[in-house]
Amino acid sequence: MNKTLEVRKNFCPQNHPCPAVRVCPTGALIQKGYAAPEVNPDLCTGCGKCVRQCFPGALRLVDAARANAA
Ligand code: SF4
């Protein structure tokens, strides 16, 4: 995998069931209550389906090398 999913919690209103959780084909996204979702990097394939569901832009794929350096 060369992309890593980044959750930018400050972009998430954290007041609704996250629609991105339902579309993840691997169960990599978990939401506790209405909090911003968390990603399990071991399950995430970087497919980007969740990114397209998140209209506030709280989910984005970044280069894995960049994410590891952050
Ligand atoms: S990028 Fe794909 S596999 Fe990773 S959390 Fe989003 S929907 Fe799931």
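Refer to the structure above for everything that follows.
Residues numbered from 1 in each chain as written. Predicted model: local features only at pLDDT ≥ 70, side-chain atom pairs only at ≥ 80, totals over all residues.

1. As for the overall build of the protein
Assigned secondary structure in the protein consists of three helices and four strands. Mapped in sequence order, the helices and strands of the protein form the string β-α-β-β-α-β-α. For the protein, the spread of C-alpha atoms along the principal axes amounts to about 30 × 25 × 20 Å. Sorting the 70 residues of the protein into buried and exposed places 17% on the buried side. (Helix = DSSP H or I, 4+ residues; strand = E, 2+ residues; numbered from the N terminus. Buried ≥ 20, exposed ≤ 12 C-beta atoms within 10 Å, placed from the backbone.)

2. Remarks on the environment of Pro 17
Summarising the element assignment, Pro 17 is placed in the loop between strand E1 (3-7) and helix H1 (19-23). Through-space distance from the C-alpha of Pro 17 to that of Tyr 34 is 5.8 Å; in sequence the pair is 17 residues apart.

3. Observations regarding unusual backbone geometry
The phi torsion at Gln 14 lies on the positive side, around 55°, for a residue other than glycine. In this fold, Gln 14 is placed in the loop between E1 and H1. For Gln 14, a count of 15 C-beta atoms within 10 Å translates into the label partly exposed.

4. Details of the environment of Leu 5
By secondary structure assignment, the location of Leu 5 is in strand E1. The class for Leu 5 is buried, based on 25 C-beta atoms found within 10 Å. Sequence-distant contacts of Leu 5, defined by excluding residues within four places in its chain, comprise Val 39, Cys 44, Gly 46, Leu 59 and Leu 61. (Contact = placed C-beta atoms within 7 Å.)

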